[in-house]
Amino acid sequence: MKKTILGAVMFLAGLISSAILLAGPMGMQWTHNEQWASAWWLLSNYGLAPVFYVFVAITIIGLCMALWGVFEKKEA
């Protein structure tokens with residue numbers, strides 16, 4: 001039960017953090033030298049790509065922990 005709750009909280013934290021990080025560039029100017037910029041370009045331009053990778057890793061680890069907690073056999 002503890003693994004499931006911890007995994008779900010980690011999954012939710014990583015997912016929300018990734019969403020906020022991807023939504024951040026939406027408020028910025030989307031053109032650079034008359035060319036359209038993507039959210040990925042803006043993240044890499046500001047050096048936030050490694051932070052995004054960390055948040056995605058937290059999301060994946062949290063999901064794995066939650067699934068492990070759900071499918072773990074209980075010793076009775």
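This section reports on the structure supplied with the text. (Residues numbered from 1 in each chain as written. Predicted model: local features only at pLDDT ≥ 70, side-chain atom pairs only at ≥ 80, totals over all residues. Heavy atoms only, no water.)

1. Overview of the environment of Leu-12
The condition is simple: Think of it this way: any DSSP run of H or I at least four residues long counts as a helix, any run of E at least two long counts as a strand, and we number them from the N terminus.
Looking at where Leu-12 falls in the secondary structure, it is placed in helix α1 (residues 2-23). The spatial distance from the C-alpha of Leu-12 to the C-alpha of Gly-62 is 8.0 Å, given a sequence separation of 50 residues.

2. Concerning a nonpolar patch on the surface
The condition that has to hold: In this analysis, a patch consists of residues with relative accessible area above 30% that form no salt bridge, clustered at 9 Å for like charges and at 5 Å for the nonpolar side chains Val, Leu, Ile, Met, Phe, Trp and Tyr. Per-residue and other accessible areas follow the Shrake-Rupley method at a 1.4 Å probe size, with only the shown protein chains counted as cover for residues. When a carboxyl oxygen of Asp or Glu is within 4 Å of a side-chain nitrogen of Lys or Arg, the pair counts as a salt bridge. Partly exposed residues are those whose accessible area sits between 20% and 50% of the maximum for their type, while under 20% is buried and over 50% is exposed, using a 1.4 Å probe and protein chains only.
There is a patch of nonpolar side chains on the surface, built from Leu-63, Leu-67, Val-70 and Phe-71 and spanning about 410 Å² of accessible area. Secondary-structure assignment places Leu-63 in helix α3 (residues 49-71). The partly exposed category is assigned to Leu-63, whose relative accessible area is 39%.

3. Considering the side chain of Ser-18
Heads up, the condition is: In protein, a polar contact means a hydrogen-donor-capable atom and an acceptor-capable atom, both N or O and within 3.5 Å, with residues adjacent in sequence counting only if both atoms are side-chain atoms; elsewhere, any N or O pair within 3.5 Å suffices. We call two residues in contact whenever any of their non-hydrogen atoms come within 4.5 Å of each other.
Counting through the fold element by element, Ser-18 comes out in helix α1. The buried category is assigned to Ser-18, whose relative accessible area is 8%. Side-chain polar atoms of Ser-18 contact the backbone oxygen of Gly-14, separated by 2.9 Å. If we ignore the near neighbours within four places in the chain, the residues touching Ser-18 are Phe-52, Phe-55, Val-56 and Thr-59.

4. Overview of α3
Each α-helix turn comprises 3.6 residues. Residues three or four places apart therefore point the same way. Applied cut-off: Expected span of a helix, by definition, is 1.5 Å for each gap between consecutive residues, and there is one gap fewer than residues.
With 23 residues, α3 extends 33 Å between its outermost C-alpha atoms, agreeing within 8% with the 33 Å of an ideal straight helix rising 1.5 Å per residue. Turning to α3, its buried residues number three or more, namely Ala-49, Phe-52, Thr-59, Gly-62, Met-65, Ala-66 and Gly-69. Residues of α3 that are buried in the fold lie against α1 and α2 (39-45).

5. Some words on the packing of α1 against α3
The criterion, for reference: Axis angles are defined between N-to-C directions and span 0 to 180 degrees, where every axis is a line fitted to C-alpha atoms and, for a helix, only to the segment in contact. Any angle between 65 and 115 degrees counts as roughly perpendicular, while under 35 counts as roughly parallel, over 145 as roughly antiparallel, and the rest as oblique. Note on convention: the crossing is left-handed when the near helix lies turned anticlockwise from the far helix by less than a right angle, right-handed when the turn is clockwise.
For the pair α1 and α3, the least separation of the axes is 7 Å and the interaxial angle reads 155 degrees. What the angle tells us is that α1 and α3 run roughly antiparallel. Considering only the axes of α1 and α3, their crossing is left-handed.

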